[in-house]
Every structure is written in structure tokens, then in C-alpha cells.
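Residue-level listing of the chains:
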Amino acid sequence: MLGRNCSNLLFMTMALGLVHCRTAVSAFGLRTSRFSRRCLPRRQLATKSPVETFSLKGIEWLQETVVETLNELYDPNQVAKANLLKKNKKQQSNDETTSQAATLTTTPELPSLQSFTKQQAMVTPATKPEFGDYQVNAAMGLAKALQLSPRTCAQQIVAALQPKITGYMMDPEIAGPGFVNLRFKQDYLTRAVASMAQNAHGRVGVPITKQRLTIVVDYSSPNIAKEMHVGHLRSTIIGDTLANVLEFVGHDVVRVNHVGDWGTQFGMLVEHLRDEYPAALNKETSQDVDLGDLVQLYKAAKKRFDVNADFKVRAREAVVKLQAGASEERAAWESLCLASQKEYEQIYEQLNVNKGLQVRGESFYNPFLQGVVDDLKKQGLAVESDGATVVYLDGYSNKDGEPLPVIVQKTDGGYNYATTDLAAIRHRTLMPKAESGEKAQRVLYVTDAGQGQHFDMVFKCAQLAGFCAPDASLEHVPFGLVQGEDGKKFATRSGETVKLKDLLNEAVRIAGEDMRSRYENTADSNFLERLDSVAQIVGIGAVKYADLSMNRESNYRFSYARMLSLNGNTAPYMLYAYARICGIIRKATGQDDSKPIVWPEASEIIVSHESEIDLARNLVRLPDIIADVEKDLYPNRMCDYLFETSQKFNQFYENCSVKNAATPELRDSRLSLCVATAATIRMLMNLLGLEVVEKL
């Protein structure tokens, strides 16, 4: 439910029709490659008094301000030295003859530090509303090294910090032994929300990062000649969402689709094509061959490989020829890759995945693989083991307790996944952009949690071998399994893996049937004509949001009924929440329901009820939510915030009439709260890869 006084029926009967971002593309320019321009259209009512536009002050601003304060007050080198002495003293506490002087003589010389860090600032969101908006706990971590009591240290920090934040924060409060509580001023909150409404067509007040990085996001990764299945869903939409957020923040994002387009299976596929589709082996005609159902083609080739000895020999010979670059085998392989790419691009289009996802499969790194093995051997890291070339790392063993190696070259001379991943790391973090590399400072691998040990070992091997730039961060972004409603493997009745295409089509079908049943008595033919488009948005959005709203590391049970429900934190709920706000604005401004909404000009915020300031306080948390996802990579935190925002808006609307506000100024103020809320919902839904509708 969207509030105690608002039934689902209200949303379903608000207005018949649809305005969504695909139909508004040409007129309003919503679909751009940069999310800073994908929020709200610039259609607005007549201009009123100007509203100041500025970037919101969030936790990152406060961290920087506290660090600046600490640098003015204290010497970071003194703190570092004191902490090291404390650590050494603790390690030597069992040796009663070790004097402090001896401790000093064994202390290694520290590099000169220029500044305290954000970690030392210890700024966190307040743990309880009564504590304010933020807590600064720096005094608790620094006091002992500075030979001060935590409360004295906190008093010094507050005295120096207060002048820097006085335009935004109330007077700091010191709680307990030395915790500093900070609360935004009401004046700042009202100005901030007015600024969000003024910038509703842009970044909605979210600042651009000051530390721009090149970030590679590796996600989706289907296999050539195999159909995408439910297992590809999570990697695709989680990776796409994280790339969206990082790009919106201001980073240079390289979206990489590391498809499985190389390996021994292509030998049997090439030879099957030679017999069944000979035109596929001719470079001049291979691109025009319709290979039909690739899954059936793969199954037919595999069946021949398993039962036909002559075909098996031909397939193995074809692998060698393909790897050597033989023209016929290469043409057949390219034909398979093209046909597969067309298939999964249809899925990406249906999922509204960013078109910037570039294919860079296993074959791309093939020329670099022998160099990886040779370099590992030269460094003495790679050794021979039972005919294979492996790297042993400390701390890894198999279930029998024996050392577990990283295999970089198999006994038959072929390469392993680890070899390709090592080559990719070197290409992504060390190779200059002029040579097709990325020189990335951060590389994300969005794959299932079952590959955790593989990536852990590959990352350590890369760092040990110098294949990774020293300033680069390699991060595995794991996710759990999609399960059936019974908690078991999500499969068809026959036990086969569910095809992703079938799963998405079923969601759209159910959404469409549900909407038709609700409107079976409507005489509005225009709405019925648009119903399929509505069902597509609701059905696909429901599947994506249900996944993204979960902690990505958890398994979750796939349920069409739950994800398409109008109750709870679901896509349909958020779509109706957004459409409801649009309806409120239309009614309050006398707009025609049959036309696209015209957004009111931002106005000064007037507080007449506590629910207004509660909503404002929630809205200005937007930069912190984005920063949190940027750092920790959990999209569900955006979904949680979306749901909380809709709840806060419900409380506001239940207590504060917009259309019938007591004065024109109060009506305009509440309209600005509506616009800022709608902008926040739309922006976050866009970042999640979901479309919104202005009317349902």
C-alpha cells in the first residue's frame, strides 16, 4: 500500500494512458549516454522567483571538512608514530626486559604523511534520529595518540570544525566520552530541497566526484552458441546498475562483456557447420548465413562429437586450425559469434541494458596468453606439475589438504581461465590506452559467488607477478543464486535450466494479463492499445527490481507473484508511487491528463508540518546513498532508500494537501516537494535500469 488512505485501486484508476521515457525520447531528449541528463524533462510552468541551485552537502563533504580540520589541529606523523609504538609495545609485551628505548630503536622509519585520511575522520550517518544526521568519532581514534582525553580532543575538533559548517549544521553536540553529533539546519534542508526541485531535470543536487577514476566493469559474459539463461540475469543487471552509478558519479567507465568465445568446443561447431551450413565457412558469405536456433545447433554438434569417432577427430583438428587462424575455420567462428551476438543483444534491449557494453571475449586476450606464461616462468613463479604449468600461492589447499595451484597452462599446451584473467588484468591496468588498454584504477568482476576463490587466487597471482598496477583495485563483486520458490534450483518442470528469454516473456505476459483483468470494462481504446507497452515496463521492471532490491550476496527465491505485487518494495509499487506524484501535480496545477506533465517551477520551501521536514531530511540523503553504492557496490541500498522515500512522501501527503493548501505560497512549496521527490525516484529508477511512467 502507498499509505493508509491510498488503496491500490486509487493508483489503477488515476488515469488511463501512458507516457514513458521511450515515447518521450525524441521530444525531450531523455535517452542519453550520461545519466546526468536522464532525470526529468525541462517542461516547466511559468518562472517564479529564482531558487538557488547548489550541490547537496553529504557525508563525503563532511569527511573532507573534518580531514581539513584535523590537518589544521594535529600532526598526522605524530599520530602515526604513536600508533606504531603502541603496536610494537603490544607485540613485545611478553618481554619484560624490552625497554621503551629499545622499542624506539627497533621502530622502522615512517614515510612522511601529508594528511589525515577519511578513515581517521570517522564520519558516519547517525545511528539514531535523535543523534542528528551524522556522527564524527575522530576523537575516539586519535585521543590516545595525541595524549588527550577523548572529550578534550572532541572539544578541540568541534571548536575548529564549527566555523566551517555553520552555514549548514546546527551547533555540534558532544555526547558521551567524545562522540560528536551533527544535525542539518532547517534552513539548509529547505534550501536544499528547493535546489533539488530546481535541478530536477539534471543531477538533482548530487555532486560530481572530485577523484575521477577509470573503472572497468566486467559483467554479463554469456557463452557463444549457447542461450542466455537465468544464471546470466544477476550478472547482467547488477553489473549494468553499478556501471550506471559509477558513470553518474563522474568516473570514466568501461563496460566489458567478457563473452565465452574461445575454446575446444568451437572445433565441433565449425565441423558441424561445414556439413550443414557450408556457406558459413566462406568469408564472403558467412555473415549472411542464418544459423537458426543456436542451442539446437550446439546440441546437434555435441551429439555427433559424442558418438562419431571420425567427427571427433575432425573437430580436434579444427580447433588447431582455428587457433592458427585458418580462413575457413575463422569465418565459421565469426559467423557463430555474430549469430550469438544478435541473440543476446535482443535480451539486452529487453532488459534496457546500456548500449555501451562492449564485447571483449576470451579470444581478444588469446594473443597475450603465452606472454603471461613466459613471464611467470621468468620470475620463477610458474613451475611444472604433472605436465602442467602452475603457480603455487601460500594459503590455498584442496579438500585433501594438498597445495592448490593456479593452472596457467594445461598438459596439452592449452590455456586455462586463470591465464585469460591474468592477461586481462595486465591489459586493463597496465597497458596504455593508446595500445587498446584501459589503465584502470579499479576493475570490477560481477560474477557468482562460486567463483570467489578463483578470483582471489588470480588477483594475488597478478599482484605477485606485477601484472597489476600498484594503484589499481581488483574487486570481485559476488552474487548469490536465483532459486525456485521451493528454495531449490530454479528450473523448468523437466529439470532444465530456465532460459532468460522465456523468464522475461513470462513476466511481461503475467503483467499484461493482470492489467487487462483490471481494465476489462474500460472503453478507452487508446489505453488498451498502449497496454502492451505498459506491461513490458512493469514486467521487465518487476524482474529487475526484485533482483536488485536483494542483498546481491544472498540467494533469493524467484516468485512472479511477489515481484509483481503492488504491496511492498517492488517495481510496480515504485512505478505507481511515481505516477501518483505526477497525478498530484497535474490536479494541483490544472493540467490535462491526456498530455505529458509540465513540471512546476521550483519555489521556496515553507514548513508547516513536521512531515514536510521529515521528507526534506530524507531527500537530502540522496548523495550519501549514491556514494554508498559507489563504494560498497550494493544496489539494494538504492531500492531501500526508494521505498523509504515513498513512505515519507505518503506521510507528507496524508498530512499536507497540495491542491487545497491554505495559501498559494504553501501550495507552491508543496509542489516543489513533489517535484524533488519525483526527480529522486526517477533518477534512481534510471540508475537501476528501469523506466518510469507518468500515468498508469
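Rules used in this analysis
Residues numbered from 1 in each chain as written. Predicted model: local features only at pLDDT ≥ 70, side-chain atom pairs only at ≥ 80, totals over all residues. Heavy atoms only, no water. 1 Å grid on protein atoms, 1.4 Å probe; cavity = no way out; pocket = protein on both sides within 12 Å on 5 of 7 lines; lining within 4 Å. Points joined across faces, edges and corners; volume = space filled by probe spheres on them. Helix = DSSP H or I, 4+ residues; strand = E, 2+ residues; numbered from the N terminus. Expected span 1.5 Å × (residues − 1). Salt bridge = Lys/Arg side-chain N within 4 Å of Asp/Glu carboxyl O. Buried < 20%, exposed > 50% of the residue type's maximum accessible area, 1.4 Å probe, protein only. Pairing = 2+ DSSP bridges. Axes fitted to C-alpha atoms, helices over the stretch in contact; angles between N-to-C directions. Contact = heavy atoms within 4.5 Å. pLDDT = per-residue confidence, 0-100. Phe/Tyr/Trp six-rings, centres within 6.5 Å; stacked < 30°, edge-to-face > 60°. Parallel < 35°, antiparallel > 145°, perpendicular 65-115°, else oblique. Left-handed = near helix turned anticlockwise from the far one by under 90°. Nonpolar A, V, L, I, M, F, W, Y, C, P; charged D, E, K, R; others polar. Core = buried A, V, L, I, M, F, W, Y, C linked by side-chain atoms within 4.5 Å.

A. Quick look at empty space enclosed by the protein. Applying the stated criterion across every chain yields a total of four cavities of 30 Å³ or more. Approximately 100 Å³ is the volume attributed to the largest cavity. As for the largest cavity, its lining consists of twelve residues, of which Gln350, Gln536, Ile537, Ile540 and Glu691 are closest to the centre. The set of elements that each furnish at least two residues to the lining of the largest cavity consists of α14 (327–351) and α19 (525–548). With five residues, α19 is the largest single contributor of residues to the lining of the largest cavity.

B. Expanded view of α14. Between its first and last C-alpha, α14 extends 36 Å over 25 residues, near the 36 Å set by a 1.5 Å rise per residue. Directly beyond the C-terminal end of α14, a positive phi value near 60° is found at Asn352.

C. Spatial organisation of the pattern of salt bridges. All chains considered together, the criterion is met by 37 salt bridges. Taking the shortest distance from any N to any O, the salt bridge between Glu328 and Arg274 comes out at 2.9 Å. Taken together, the positions of Glu328 in helix α14 and Arg274 in helix α11 (residues 265–276) put the pair 54 residues apart, joining distant regions of the chain. Given the relative accessible area of 37%, Glu328 is considered partly exposed. The salt bridge partner of Arg509 is Glu513, with a shortest N-O separation of 2.6 Å. Placement of the pair is Arg509 and Glu513 together in helix α18 (residues 500–518), with a separation of four residues, close to one helical turn. A relative accessible area of 37% means that Arg509 is categorised as partly exposed. One connected set of salt bridges, linked through shared partners, spans Glu271, Arg274, Asp275, Arg304, Arg314, Glu328 and Glu329.

D. Fine view of the sheet that holds strand β8 (residues 382–385). Judged by pairing direction, the sheet is antiparallel, and its three strands sit side by side in the order β8-β9-β10 without closing on themselves. Both outer strands of the open sheet, β8 and β10 (403–409), are each paired with one neighbouring strand and no more. Neighbour to neighbour, the strand axes of the sheet diverge by 55° on average, direction disregarded. Contacts from helix α15 (residues 369–378) reach β8, β9 (388–397) and β10 within the one sheet, and its direction differs from that of β10 by about 130°. Along the sheet, helix α17 (residues 452–465) makes contact with β9 and β10, crossing β9 at roughly 105°.

E. Broad picture of the confidence of the model for the chain. For the chain, per-residue confidence averages 88 on the pLDDT scale, and residues scoring 70 or more make up 88% of the total. Taken as a whole, residues 1–43 scores under 50 in pLDDT and shows 127 contacts with residues more than four places along the chain or in a different chain.

F. Just the packing of aromatic side chains, in detail. Under the defined criterion, the tally for this structure stands at 17 aromatic pairs. Relative to Tyr188, the ring of Phe54 has its centre 6.2 Å away and its plane inclined at 40°; by these criteria the two rings are tilted. One end of the pair, Phe54, is in the loop between α2 (25–28) and α3 (59–73); the other, Tyr188, is in helix α9 (residues 186–198), and 134 residues separate them in sequence. Taking relative accessible area as the criterion, Phe54 reaches 15% and is therefore assigned buried. Residue Tyr188 is classed as buried on the basis of its relative accessible area of 0%. Ring geometry for Tyr168 and Tyr188: centres 5.6 Å apart, planes at 90°, overall edge-to-face. Of the two residues, Tyr168 is situated in the loop between α8 (150–165) and β3 (173–175) and Tyr188 in helix α9; the sequence distance between them amounts to 20 residues. By the ring-pair criterion, three or more aromatic residues cluster together here, those being Phe54, Trp61, Tyr134, Tyr168, Phe184 and Tyr188.

G. Fine view of the environment of Pro207. Structurally, the position occupied by Pro207 is in the loop between α9 and β5 (214–218). By relative accessible area, Pro207 is classed as partly exposed at 34%. Through-space distance from the C-alpha of Pro207 to that of Gly58 is 9.2 Å; in sequence the pair is 149 residues apart. Setting aside residues no more than four positions away along its own chain, Pro207 makes contact with Ser55, Leu56, Val249 and Pro623.

H. Layout of the environment of Leu444. For Leu444, the position within the fold is in strand β11 (residues 442–448). Looking at Leu444, the relative accessible area reads 0%, which means it is buried. With 225 residues separating them in the primary sequence, Leu444 and Tyr219 have C-alpha atoms 8.4 Å apart.

I. How the structure looks around the sheet that holds strand β6 (residues 252–257). If you walk across this open sheet you meet the five strands as β7-β6-β5-β11-β12, and the pairing is parallel. The strands lining the two open edges of the sheet, one partner per strand, are β7 (358–359) and β12 (473–479). When β6 meets β7, the two strands line up parallel, connected through two bridges. The residue of β7 that forms the bridge with Val256 is Gln358.

J. Structural detail: the pairing of β9. In terms of strand pairing, β8 meets β9 through four bridges, oriented antiparallel. Within β9, the position partnered with Ala382 by the bridge is Val391. From the end of β8 to the start of β9, which pair antiparallel, there are two residues, and Asp386 there has a positive phi angle of about 55°. With five bridges joining them, β9 and β10 adopt antiparallel strand pairing. Bridge assignment links Val390 to a residue of β10, and that residue is Ile407. Here β9 folds back onto β10, and the loop between the two strands holds five residues, one of which, Gly401, carries a positive phi near 85°.

K. Main features of the packing of helix α23 (residues 622–632) against helix α24 (residues 636–655). In contact at an axis separation of 9 Å, α23 and α24 are set at 160° when each is read in the N-to-C sense. By the angle between their axes, α23 is roughly antiparallel relative to α24. By crossing handedness, the relation of α23 to α24 is classed as right-handed. Residue-level contacts link Leu622, Ile625, Ile626, Asp628, Val629 and Asp632 of α23 to Arg637, Met638 and Tyr641 of α24. Its residues assigned to classes, the contact of α23 with α24 shows six nonpolar, no polar and three charged.

L. Looking closely at the nonpolar core. Counting residues in each nonpolar core, the largest one holds 174 residues, and the members touching the most others are Leu503 and Ile626. Take this core: its biggest share by element is 13 residues, from helix α21 (residues 571–589). Excluding residues that lie within four positions of it along the chain, Ile626 makes contacts with Val245, Phe248, Val249, Met638, Met683, Leu684 and Leu687. Counting residues in each nonpolar core, the second largest holds 35 residues, with Val391, Val458, Cys461 and Ala462 among its members.

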